[in-house]
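Per-entry structural report
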Amino acid sequence: MIEGAAWRKWVFVNIPIILFVFVLLFPFYWMVITTVRPDAELYRPWNAPNYNPFWTWQPTLEHIQYLLEETLFGTWMLNTMIIALTSTVISLVCGVFAGYALARLNFPFAGSLGTGIFVTYLVPQTLLFIPLSDIIRNFRLGDSPWALILTYPTFLIPFCTWLMMGYFKAIPKELEECARIDGASRFKAMLYIILPIAVPGILSAGIFAFTLSWNEFIYALVFLASPEQKTVPVGVTSELIRGDVFFWGPLMAGALLGSIPVALVYSFFVEHYVAGMTGAVKG
Amino acid sequence: MAQVLIRNLNKMYDEVHAVKDVNLEIRDKEFMVFVGPSGCGKTTTLRMIAGLETINSGQILIGDTVVNDLPPMDRDIAMVFQNYALYPHMTVYDNMAFGLKMRKFEKAEIRRRVQDAAEILDIQHYLNRKPRQLSGGQRQRVALGRAIVRHPQVFLFDEPLSNLDAKLRVQMRAELKKLHVRLGTTAVYVTHDQVEAMTLGDRVVVMRDGWVQQVGEPLELYHQPANRFVAGFLGSPAMNFATMRVSAEQGDELWVAGDGLRLQVPAYLADRIGPYAGKALTLGIRPEDLRLATDGDPPGSVFEAVVELVEQLGSETLLDTRAGRETIVAAVEATSRIRMRDRLQLAANPNRLHFFDTATETAV
Amino acid sequence: MSATTTTAPSVGLRRAPRGRLSMLFEDERWLAMALLFPTMVLLGLFIAYPFVTGVLLSMSSARVGMPGEFVGMANFAKLWNDPIFARAVYNTFLYTIVTTILKLGLGLWLAVLLNRHFRGKAFVRAFILLPFIIPTVLSTFAWKWMFDPTFSVLNWTFRTLGLIDTRINWLGDPDLAMLSIVVVNVWRGVPFYAISLLAGLQTISPDLHEAAAIDGARPWARFWHITWPLLLPVTMVVVLFSVIQTFADFQLVYVLTGGGPANATHLFATYAYQIAIGTGLLSEGAAISLAMFPVLFLVVIVQLLYIRRVETR
């Protein structure tokens, strides 16, 4: 970096960074603290004197307990996991194949198909959810995980395809050509030579797809009805609120626990996640 | 019999006619080198033999089979790429065994073949390493090994030595030659380096702009180039060219004169040059066929030149000289003590004069 | 090379065994079709088909349980005169434009900061993506709790610092509610911008900055003349993704305000949801959703043109 006085570094670099980090992470801290604070401390009005909202000396697990025992949270977690994993697998398979075809093979309409996949991003879920709910009902998929497993790939596949296209383009063509001369069919050359080399890309795409699945809301909200079928975001939103009364303790516990799987996956694969995200952006 | 026959081969890329009507016969066990500048069509032709490019018109036969519609894996060929194309996620052993595995050879046979090839190439100690742990030269050998184990009918080489440093290149060139002698497999080799063409080829094909310029043994191409392009392409430093006018003088003497250069046409060329009397002709003379004139040189082969640059190579000395308006490069003995701006007399070997039609560029 | 015996000549062509089907897939075109088939089916069935159905639906009078009949542009005419719809349109544009500018500015700033070396850099880079990773609904609930009219920790802080006397009605006052959703959206989006722009920044060779510095350019000039132009391609892509997502946003507003107070924070998506699912007027809801399309279409066209221009340069 182009150096200057030390105080400049503090004012212009370190302090802003600290501020950013604080603002970005504070809500999570708030989530954690609320989860472990007993109700008595939670429900203190904003202008009540003499109390510190940022800490508790009597942490409790009662909210988590309530969440796990009195609600179907465990079921929701299971549902969401299954749906996320299955959609991710489907999207990866489709995305890898499609990405390979678009990046490596010559065929008529290759350009238009590529653009076509890109264009599906023009049609976000909030545009399609109304007619789709009808279609889901007609296919008898309503109120079942299949409604989501089959529809989530619609926004996961384009992303996986772009990402894999980028990775495939970076692999020298000679490797496949050599494999084909050696005796492999085109498909086998893809399977045994190209895919193993593209594993980092597949991992990145998979992780990103997994987190995107967990984040989906409107399809889950509209297509699922019974409490046992709900996913974590929908369950937390609908079942922890009775009329106008919000059960903030369990709500925050739900938000916290619901965030953990995604945060865990992310923490193990940070580099891959970032590579996936920036890979798509850099094109 | 593993000869390769190429008949009326053509390749078009959109608007570009990359390979134009190529007809060649590569004999069994022959090492045929395709040489030419970038874009001349040599690599495209190789890739069509391999099956990596489709053929627009014409035929390619390997052995007795027309292979136009056969996929690469069915043509019984092996290819060595410029970038080695080693599978990075596999060990050297697996790289070499891949083709055999794809063809469902038994494990014992695979092991035997890989071991044999590894010993020939002296890489048996690297079998468990991955490509990234090897040097450039070692990787090249693995690529060769991968081709050898298949015992194909034809080897194809796509500029395999271009990525090696100069010293390694010379060494690998020799090893490739020895390997070919030992294995006796038909080989088609593509390069842009005329030194490789001269040293490796049993025969050489010079290509330019999609056309075959000349086919023949290296020395034949060197001493009897069919056109100006082949003459200028082979040989380093390159042949000197000068545009001259032919004039008939007293008796039956034919002279060619250019700007600063006047030489007599030797008798054995009189028949061919005679028709050009009064017209222009391109003269070609190689630097090594010029030397410092001595008293014994016939006056018709001597001319005066001014030295502009002296390059000492140790084995010989190159002189960039100027004769009138022409620039002539001469390769003279290293012991000559010559300096810039010296005026000297150069003698051209009359038996090594080349003439080319100025319009068609073909040899006369 | 060592001298050993010559290897045996070719044992004849040994073909890899396979059938006619695999011969078919040697052809690039058939293989490509096979590889693209599952994708095309899924996207066709669950995007193309519903899109068409949606268009037809928006031009019918269907309600929940009642298929309805063709009414042409009647629903759209109704929307044209609907003040809530007008408000939703205004809100969505405002929301998108304001948040994008803020996210770009703050994201760029943060990216530039992260591009330097400081202690704990890896830690920071990893942690700041959390707002983007964690499911929107869940983190938005945390904000809702922070905005709660009675229990807001933000109000507590401001009061303790002596800045306010009466509470700030974050979600209850129409203007403040818009502010609140902007704040949460920016909070969520800045990390995405920052990390993506950081990746873009890292492709710019530091030599360029050093050369410019030697040439006499101050930091701001260096940024404007060197960094920004080289960053433009990445920026355009990031902005495209973000604009589409933000314009079509649902989760955030649904959780924070549900579109209130008194329809003050409705966006296209939340209003469509309320009309279609809340009151059961499916066709009118579909019309609202579809009204988003022209804008999104325009944005993507602009983007495609820009990319084409950059690539052909």
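Residues numbered from 1 in each chain as written. Chains lettered and ligands numbered in written order. Predicted model: local features only at pLDDT ≥ 70, side-chain atom pairs only at ≥ 80, totals over all residues.

1. What about the overall build of chain A?
Selection criterion: Numbering of helices and strands runs from the N terminus, with a helix taken as a DSSP run of H or I at least four residues long and a strand as a DSSP run of E at least two residues long. Only C-alpha atoms enter the radius of gyration, while the globule expectation follows 2.2 Å times N to the 0.38, with N the number of residues. Exposure classification rests on a simple neighbour count of other C-beta atoms within 10 Å of a residue's own: a residue reaching 20 or more is buried, one at 12 or fewer is exposed, and one in between is partly exposed. C-beta atoms are placed from the backbone.
A count of helical and extended segments in chain A gives 15 helices and two strands. Taking 283 residues into account, the globule formula puts the C-alpha radius of gyration at 19 Å, and chain A, at 24 Å, lies well above it. For chain A, the spread of C-alpha atoms along the three principal axes comes to 80 × 65 × 30 Å. Classification of the 283 residues of chain A by burial places 49% in the buried group.

2. Concerning the domain arrangement of chain A
Residue and element names in this part refer to chain A. Formally: Residue ranges labeled as domains rest on an automatic or database domain assignment. Once C-beta atoms are placed from the backbone, any two residues with those atoms within 7 Å are in contact.
What the domain assignment reports for chain A is domain 1 (6-60) and domain 2 (63-282). Computed from C-alpha atoms alone, the centre-to-centre distance between domain 1 and domain 2 is 33 Å. In this complex, domain 1 contributes six residues to the contact, which on the side of domain 2 involves eight residues. Of all the secondary structure elements, the ones that give two or more residues to the side of domain 1 that touches domain 2 are helix H1 (6-36) and helix H2 (39-42). No other element matches the four residues that H1 contributes to the side of domain 1 that touches domain 2.

3. A short note on the domain arrangement of chain C
All names here are of chain C. Quick reminder of the rule: Put simply, Ala, Val, Leu, Ile, Met, Phe, Trp, Tyr, Cys and Pro go in the nonpolar bin, Asp, Glu, Lys and Arg in the charged bin, and everything else, Gly too, in the polar bin.
Assigned domains of chain C: these are domain 1 (27-58) and domain 2 (82-312). With centres defined by C-alpha atoms, the gap from domain 1 to domain 2 works out at 31 Å. Across the contact, four residues belong to domain 1 and six residues belong to domain 2. A breakdown of the residues in the side of domain 1 that touches domain 2 according to their chemical character gives two nonpolar, two polar and no charged.

4. Re the interface of chain A and chain B
A common measure of how large an interface is: the accessible area buried when the components associate. On the side of chain B, 18 residues touch chain A, which itself brings 15 residues to the contact. Mapped by element, the contributors of at least two residues to the side of chain A that touches chain B are helix H9 (173-182) and helix H10 (186-197) of chain A. Here the side of chain A that touches chain B takes seven residues from H9 of chain A, the largest share from any one element. Counted by class, the side of chain A that touches chain B contains eight nonpolar, two polar and five charged residues.

5. A word on the sheet that holds strand E8 (residues 186-191) of chain B
Residue and element names in this part refer to chain B. Note the threshold: Any two strands with at least two DSSP-identified bridges between them are counted as paired. Comment: axis = line fitted to C-alpha atoms, over the contacting stretch for helices; angle = value between 0 and 180 degrees taken between N-to-C directions.
Here six strands make up an open sheet; going across it, the order is E6-E7-E8-E3-E9-E10 and the pairing mixed. Pairing within the sheet leaves two strands with one partner each, and these edge strands are strand E6 (77-80) and strand E10 (211-216). The average angle at which neighbouring strand axes cross in this sheet is 15°, direction not considered. As paired elements, E6 and strand E7 (residues 154-158) share four bridges and run parallel to each other. Following the sheet pairing, Met79 is matched in E7 by Leu156.

6. Re the sheet that holds strand E12 (residues 254-257) of chain B
Residues and elements named next belong to chain B. One open sheet accounts for five strands, arranged E13-E12-E11-E14-E20; its pairing is antiparallel. The open sheet has two edge strands, strand E13 (262-264) and strand E20 (354-356), and neither has a second partner. Each adjacent strand pair in this sheet contributes to an overall mean axis angle of 35°, direction not counted.

7. A look at the interface of chain A and chain C
Contacts between the two partners involve 77 residues from chain A, matched on the other side by 83 residues from chain C. No other element matches the 13 residues that H1 of chain A contributes to the side of chain A that touches chain C. Broken down by class, the residue content of the side of chain A that touches chain C amounts to 57 nonpolar, 17 polar and three charged.

8. Points about helix H11 (residues 219-247) of chain C
Residue and element names in this part refer to chain C. Our working definition: An expected span of 1.5 Å times one less than the residue number is assigned to each helix. Two axes define the bend at a residue: one fitted to the seven residues ending there, one fitted to the seven starting there, and the bend is the angle between them.
Between the first and last C-alpha of H11 there are merely 34 Å, a value that for 29 residues lags more than 12% behind the 42 Å anticipated at 1.5 Å per step. Of all bends in H11, the biggest is about 55°, found at Leu232, and the proline Pro233 comes one to four residues later. Among the residues making up H11, those that are buried are Thr227, Leu231, Val234, Val238, Ser242, Ile244, Thr246 and Phe247.

9. Regarding the confidence of the model for chain C
All names here are of chain C. Going by this rule: For every residue, the predictor reports its confidence as pLDDT, a number between 0 and 100.
With 92% of its residues at a pLDDT of 70 or more, chain C has an overall mean of 85. Averaged pLDDT values for the elements of chain C fall to 71 in helix H1 (residues 20-24) and rise to 93 in helix H4 (residues 83-114). Here residues 1-12 scores under 50 on pLDDT; set against residues more than four positions off or in separate chains, the count is 17 contacts. Two summary scores accompany this predicted model of the complex, namely pTM at 0.80 and ipTM at 0.87.

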